[in-house]
Amino acid sequence: MTTRRALGALLAASLGAPALAQTARPPRRSLDASVVFPEAGPRAWGAQMKQVRIGLLGGENEADRLGRFGPYRDLIEATFKVPARLYPASDYAGVIQAFGAKQLDIANMSPAAYAAAWVDTNGGVEPLLTTEEADGSISYVAVMLVRADSGIATLADMRGRAMAWSDPNSASGYLIPRFALRRQGINPEQYFSRTGFAGGHEQAIIAVVQKQYDAAVTWASGQGDVNAGYTRGTLRAMVDKRLLDMHQMRVIWSSDPIINGPQTVRTELPDAFKEDMRMFHLALPRAHPDIYKQIERGGGAGYREVTHQDYAFMVEMRKQEAVERRRRN
């Protein structure tokens, strides 16, 4: 079993400089000149897959998710001449469980949700691609947010205050902040007056705005203007929807970089389907920039290929979390 010290060393190395596993060829990127959007037409894999079932993680209200991903679904149908259906889950666990039940074919996962699905399915899922940021990195950060009028300016000011986690299966909304705080010598269960799960990233931020909690954690690109909600992430999406005014909020803590979550598919699906999905997403930013920006909730450089090895540290973290949960119970 991985010890806490060994896991900490593995995580520190992975967070500090996320590196892609080296394969026989360099990972393909959306910026590569050779990347071309797939030609429209039926595929041989369509005989095996009567439809493409797309999972949508929770963390945003269902109407907004369906609105953002509607054109994306329509483009998959038009390109591959096979029906596509969106499956929005109320939380991260819904998508994880749907992969386990073989009710989904593809979903854009958080790194922690991917790790949970991989563990739960005994390696029955695999990553295809991850998001590449505008500066060429493939990472994001967890941020802790408070109201600007709360009198809270630092993490030290949060002692004895109420903390809202986003989702128990979220890297940025629970696992990474909790792990990072414990490495700093802070036991969240003792340091904060109370903690709770808000039901999603957007819901956690709203709970702070409405003074139900003093702080919440969520994900952000960590790049760009903080007052605009950064370039991508929950905050940027809420600013764009006019649900949040960042001038009335304050970021008091950020994590080390976390590798972006992957586009995930079931391992047993046809290799030709996986390759079509790789090329569809790699070419999406240039071929259909509006759809790309909608599903990514902001801009970036596109996508880059990844392998399971890029998420090995997160799998170990999920296993360690499961051990600690059994010990606490």
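Just so you know, these numbers come straight off a predicted model, no measurement behind them. (Residues numbered from 1 in each chain as written. Predicted model: local features only at pLDDT ≥ 70, side-chain atom pairs only at ≥ 80, totals over all residues. Heavy atoms only, no water.)

Here we take up the nonpolar core. With 50 residues, the main nonpolar core has Val95, Met109, Met144, Met158 and Met314 as its most contacted residues. If you tally residues by element for this core, the top one is helix α5 (residues 171–183), at seven residues. Not counting chain neighbours up to four residues away, the residues in contact with Val95 comprise Gly55, Leu56, Leu57, Ala89, Leu104, Ala107 and Met109. Ranked by size, the runner-up nonpolar core spans 31 residues in total, among them Val35, Trp45, Leu269 and Met279. (Core = buried A, V, L, I, M, F, W, Y, C linked by side-chain atoms within 4.5 Å. Buried < 20%, exposed > 50% of the residue type's maximum accessible area, 1.4 Å probe, protein only. Helix = DSSP H or I, 4+ residues; strand = E, 2+ residues; numbered from the N terminus. Contact = heavy atoms within 4.5 Å.)

Read from one edge of the open sheet, six strands run β2-β1-β3-β11-β4-β12, paired in mixed fashion. With partners counted over all chains shown, the strands left at the sheet margins are β2 (84–88) and β12 (302–305), one partner each. When the angles between neighbouring strand axes are averaged without regard to direction, this sheet yields 25°. Together, β4 (125–132) and β11 (262–266) form the strand contacts of helix α4 (residues 111–120), whose direction differs from that of β4 by roughly 170°. Of the strands in this sheet, β3 (106–108), β4 and β12 are in contact with helix α10 (residues 289–296), which crosses β12 at around 75°. (Pairing = 2+ DSSP bridges. Axes fitted to C-alpha atoms, helices over the stretch in contact; angles between N-to-C directions.)

This paragraph deals with the pairing of strand β8 (residues 215–220). Most of β8 is tucked away, with six of its six residues classed as buried. Where burial is concerned, the two faces of β8 agree: the one with Ala215, Val217 and Trp219 and the one with Ala216, Thr218 and Ala220 are both buried. Where strand β5 (residues 139–147) lies against β8, six bridges are found, and the strand directions are antiparallel. Note on β8: the bridge partner recorded for Leu145 is Ala216. Bridge count between strand β6 (residues 162–165) and β8: two bridges; the pairing is parallel. Within the sheet, the bridge partner assigned to Ala164 lies in β8 and is Ala216.

Looking now at the pattern of salt bridges. Pairs can form between side chains of opposite charge once their charged atoms are near each other. Under the definition given, this model contains 23 salt bridges. Among the ionic pairs, Glu132 bridges to Arg304, the shortest N-O distance being 3.4 Å. Taken together, the positions of Glu132 in strand β4 and Arg304 in strand β12 put the pair 172 residues apart, joining distant regions of the chain. Residue Glu132 is classed as buried on the basis of its relative accessible area, which comes to 0%. Judged by its relative accessible area of 15%, Arg304 is buried. We note a salt bridge from Lys241 to Glu202, for which the minimum N-O separation is 2.8 Å. Here Glu202 lies in helix α7 (residues 201–209) and Lys241 lies in the loop between α8 (234–240) and β9 (249–254), a separation of 39 residues in the sequence. Via salt bridges that share partners, Arg53, Lys102, Asp105, Arg266 and Glu268 belong to a single interconnected network. (Salt bridge = Lys/Arg side-chain N within 4 Å of Asp/Glu carboxyl O.)

This part is about the packing of helix α2 (residues 62–80) against helix α9 (residues 271–287). Following both chains from N to C, one finds α2 and α9 inclined at 125°, their axes separated by 12 Å at the closest point. Here α9 runs oblique to α2, going by the angle between their axes. You can see that α2 and α9 cross each other, and the crossing is right-handed. Here α2 contributes Tyr72, Leu75, Ile76, Thr79 and Phe80 to the contact with α9, which in turn contributes Asp276, Met277, Phe280, His281 and Leu284. (Parallel < 35°, antiparallel > 145°, perpendicular 65-115°, else oblique. Left-handed = near helix turned anticlockwise from the far one by under 90°.)

A few words now on empty space enclosed by the protein. On inspection of all chains with the given rule, the structure shows three cavities of 30 Å³ or more. Taken as a whole, the largest cavity encloses approximately 470 Å³ of empty space. Forming the boundary of the largest cavity are 27 residues, of which Leu57, Asn108, Met109, Trp219 and Arg297 lie nearest the centre. Secondary-structure elements contributing two or more residues to the lining of the largest cavity are β1 (52–56), α2, α5 and α10. When the residues that make up the lining of the largest cavity are grouped by side-chain class, the tally is ten nonpolar, eleven polar and six charged. (1 Å grid on protein atoms, 1.4 Å probe; cavity = no way out; pocket = protein on both sides within 12 Å on 5 of 7 lines; lining within 4 Å. Points joined across faces, edges and corners; volume = space filled by probe spheres on them. Nonpolar A, V, L, I, M, F, W, Y, C, P; charged D, E, K, R; others polar.)

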